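Here are the chains, one letter per residue:
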Amino acid sequence: MLDRLQAIEDRYNKLNQLLMDPDIISDTNKLRDYSKEQSDIQETVEVYREYKTVKEQLSDAKDMLDDKLDSDMRDMVKEELSELQDQEAALSERLKLLLVPKDPNDNKNVIMEIRGAAGGDEAALFAGNLYRMYSRFAEAQGWKTEVMEANSTGVGGYKEIIFMINGKGAYSKMKFENGAHRVQRVPETESGGRIHTSTATVVCLPEAEEVEVEIHDKDIRVDTFASSGPGGQSVNTTMSAVRLTHLPTGTVVSCQDEKSQIKNKEKAMKVLRARVYDKFQREAQAEYDQNRKLAVGTGDRSERIRTYNFPQNRVTDHRIGLTIQKLDQILEGKLDDVIDALIVEDQSSRLEQAEA
């Protein structure tokens, strides 16, 4: 492990030199690639340097114990030695996790798609609850959200809503939300007070850059049509809505959220690029050995991953067996307990596989 860490530190130092090279600075692609590589390993290098400092302090403390010390000084050195050993152990475990291969998409922005599934209007209302929950969580993280496309219902929910979350590390926290979310509650329209079960599906896609997935203009069919729904006088009078079809994959994206056709096309293009990128990724993942899959991952999107039980104020994540009696707080965007538990489980699983 130490050899790998030293090699990473050497590479980090080399990247520092490269990023000061005028030839690199003038080359946009190299500057971007080297800057990203440096950013990706910076935390590992910082922890490794802290680890080396603690090791040196440990060695000095042990040497002091060999000297002739009075009892008070010896007790102080022993106490310091104990603290340093705890620090060394903690840093060692952290370095092991940092050396586990990371998801290359973790630092990316996220495109999320929420759709009401089984349950009619109640499912659409629940989709609206989920959108509000994720928006509140994003706001608490200092991230920004932007609606790309929304198909609302007359009862205040969404048949479908697509939105982007902009913020460093957004995908690393939101990627575990892929799947079917189930709600159990008494609908407002239910006079008999019976508990209904409805579902909404969530898809979480990393934003794909143009350099990561190449989409040619000749492979896209562009259709324009009049917008529908609320939006003022321009609705149904201007051809501002855009539908993009990626012919090689059959991927279709529509966008009518903006009054401008150009803006709608830009938004639709972001969603299209993310979906095509995701399709290629999932095809590659399908070739991965089933026996080596992680316990927690982006998951099968038809899989029921979580239940929101209103009568018991309970949220249960079925993948890791986590139950929290704070449904009211979680729906307000306080998702940290759930997401942090999923991240810990994922890291533990990755560490076990790396050591196997």
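Heads up: the structure comes first, above all this text.
Worth saying up front: this structure is predicted, and the values here are computed from it rather than measured. (Residues numbered from 1 in each chain as written. Predicted model: local features only at pLDDT ≥ 70, side-chain atom pairs only at ≥ 80, totals over all residues. Heavy atoms only, no water.)

Peer 1: Please clarify how the pattern of salt bridges should be interpreted in this entry.
Peer 2: Charged atoms that come close allow side chains of opposite charge to pair. Within this structure, the stated rule accounts for 22 salt bridges. Residues E43 and R94 are paired through a salt bridge, measuring 3.1 Å at the closest nitrogen-oxygen approach. A residue pair is termed long-range when its members are at least 10 positions apart, and E43 in helix α3 (residues 28-66) and R94 in helix α4 (residues 71-99) qualify at 51 residues. When the shortest N-O distance is used, the salt bridge between R115 and E160 registers 2.7 Å. Here E160 lies in strand β3 (residues 158-166) and R115 lies in strand β1 (residues 110-116), a separation of 45 residues in the sequence. Connected via shared salt-bridge partners are E113, R115, E160 and R275. (Salt bridge = Lys/Arg side-chain N within 4 Å of Asp/Glu carboxyl O. Helix = DSSP H or I, 4+ residues; strand = E, 2+ residues; numbered from the N terminus.)

Peer 1: Before we go on, may I ask you to explain the environment of R132 in this structure?
Peer 2: Residue position: R132 is located in helix α5 (residues 121-141). A sequence separation of 200 residues divides R132 from E332, and the C-alpha atoms of the two residues are 7.6 Å apart. Setting aside anything within four residues of it in sequence, one finds R132 in contact with L331 and E332. (Contact = heavy atoms within 4.5 Å.)

Peer 1: Would you take a moment to explain the packing of helix α1 (residues 2-18) against α3 for this structure?
Peer 2: Two quantities define a packed helix pair, namely the angle between the axes and the distance from one axis to the other. Closest axis-to-axis distance for the α1/α3 pair is 9 Å, and the angle between their directions is 130°. Relative to α3, the element α1 is oriented oblique. When you trace α1 past α3, the crossing you get is left-handed. When α1 is examined against α3, the residues L2, L5, Q6, I8, E9, R11, Y12, N13, L15, N16 and L18 are found in contact with a partner set consisting of Y34, E37, Q38, I41, Q42, T44, V45, Y48, R49, Y51 and K52. Counted by class, the contact of α1 with α3 contains eleven nonpolar, six polar and five charged residues. (Axes fitted to C-alpha atoms, helices over the stretch in contact; angles between N-to-C directions. Parallel < 35°, antiparallel > 145°, perpendicular 65-115°, else oblique. Left-handed = near helix turned anticlockwise from the far one by under 90°. Nonpolar A, V, L, I, M, F, W, Y, C, P; charged D, E, K, R; others polar.)

Peer 1: It is not clear to me how the layout of surface pockets should be interpreted in this structure. Could you clarify?
Peer 2: Vacant regions in the atomic arrangement are exposed by a probe of water-molecule size rolled over the atoms. A volume near 1200 Å³ is recorded for the largest pocket. Lining the largest pocket we find 36 residues, and of these D40, K102, D103, D106 and N107 sit closest to its centre. Sorting the residues of the lining of the largest pocket by element identifies α1, α3, α4, α6 (170-174) and α9 (336-355) as the ones contributing at least two each. No other element matches α3, which puts nine residues into the lining of the largest pocket. Looking at side-chain class alone, the lining of the largest pocket contains eleven nonpolar, seven polar and 18 charged residues. No fewer than three residues from each of domain 1 (1-99) and domain 2 (110-210 + 297-355) sit in the lining of the largest pocket. (1 Å grid on protein atoms, 1.4 Å probe; cavity = no way out; pocket = protein on both sides within 12 Å on 5 of 7 lines; lining within 4 Å. Points joined across faces, edges and corners; volume = space filled by probe spheres on them. Domains from an automatic or database assignment.)

Peer 1: Just checking my understanding: could you explain the side chain of R306 for this structure?
Peer 2: Position of R306 among the secondary structure elements: in strand β9 (residues 304-309). Taking relative accessible area as the criterion, R306 reaches 1% and is therefore assigned buried. For R306, the side chain forms a polar contact with the side chain of Y308, separated by 3.2 Å. (Buried < 20%, exposed > 50% of the residue type's maximum accessible area, 1.4 Å probe, protein only. Polar contact = N/O pair within 3.5 Å; in protein donor to acceptor, adjacent residues only side chain to side chain.)

Peer 1: In this structure, what is going on with a negative patch on the surface? I would like to understand it.
Peer 2: Residues E56, D60, D63, D66, D67, D70, D72, D75, E79, E80, E83 and D86 make up a contiguous surface patch of negative charge. When residues of the negative patch are traced back to their parent elements, those giving at least two are α3 and α4. Mapped onto the fold, E79 is located in helix α4. (Patch = residues over 30% accessible without salt bridge, like charges linked within 9 Å, V, L, I, M, F, W, Y side chains within 5 Å. Areas by Shrake-Rupley, 256 points an atom, 1.4 Å probe, with all protein chains shown as cover. Lys, Arg positive; Asp, Glu negative; His and termini not counted. Charge placed at Lys NZ, Arg CZ, Asp CG, Glu CD.)

Peer 1: Would you explain α1 in this entry?
Peer 2: One turn of the α-helix equals 3.6 residues, which is why residues spaced by three or four share an orientation. Compared with an ideal rise of 1.5 Å per residue, which puts 17 residues at 24 Å, α1 spans 24 Å between its outermost C-alpha atoms and is within 8% of the ideal. Restricting attention to buried positions, one finds in α1 the residues L5, E9, Y12, L15 and L18. For α1, the elements touching its buried residues are α2 (22-25), α3 and α4. (Expected span 1.5 Å × (residues − 1).)

Peer 1: Mind showing me how you'd approach unusual backbone geometry here?
Peer 2: A positive phi angle is found at N313, which is not glycine, with a value near 50°. Checked against the element boundaries, N313 lands in the loop between β9 and β10 (314-317).

Peer 1: What is the right way to look at the sheet that holds strand β6 (residues 220-225) in this model?
Peer 2: Paired through their backbone hydrogen bonds, the strands of a sheet run either parallel or antiparallel. Pairing is antiparallel in the open sheet, where three strands are placed in the order β6-β7-β8. A single partner strand is all that each edge strand has here, and the edge strands are β6 and β8 (251-255). In this sheet, adjacent strand axes meet at a mean angle of 15° when their direction is disregarded. The pairing of strand β7 (residues 241-246) with β8 spans five bridges and is antiparallel. Of the residues in β8, the one forming a bridge with H246 is T251. (Pairing = 2+ DSSP bridges.)

Peer 1: Got a minute to help me understand the sheet that holds strand β5 (residues 196-206) in this structure?
Peer 2: Strand order in this open sheet of eight strands is β2-β3-β1-β5-β4-β9-β10-β11, and the pairing throughout is mixed. Two strands lie at the open edges of the sheet, namely β2 (144-152) and β11 (322-324), each paired on one side alone. Geometrically, the sheet is characterised by an average inter-axis angle of 15° between neighbouring strands, direction not taken into account. Note that β9 and β10 share four bridges and pair antiparallel. Bridged to Y308 within β10 is V315. Packed on one face of the sheet, α5 meets β1, β2, β3, β4 (179-185), β5 and β9 and runs near 45° to β5.

Peer 1: I'm lost on the environment of A150 in this one. Help?
Peer 2: With respect to the helices and strands, A150 occurs in strand β2. Spatially, the C-alpha atom of A150 lies 5.9 Å from that of E160, the residues being ten residues apart in sequence. Among residues more than four places away in sequence, those in contact with A150 are Y158, E160 and I161.

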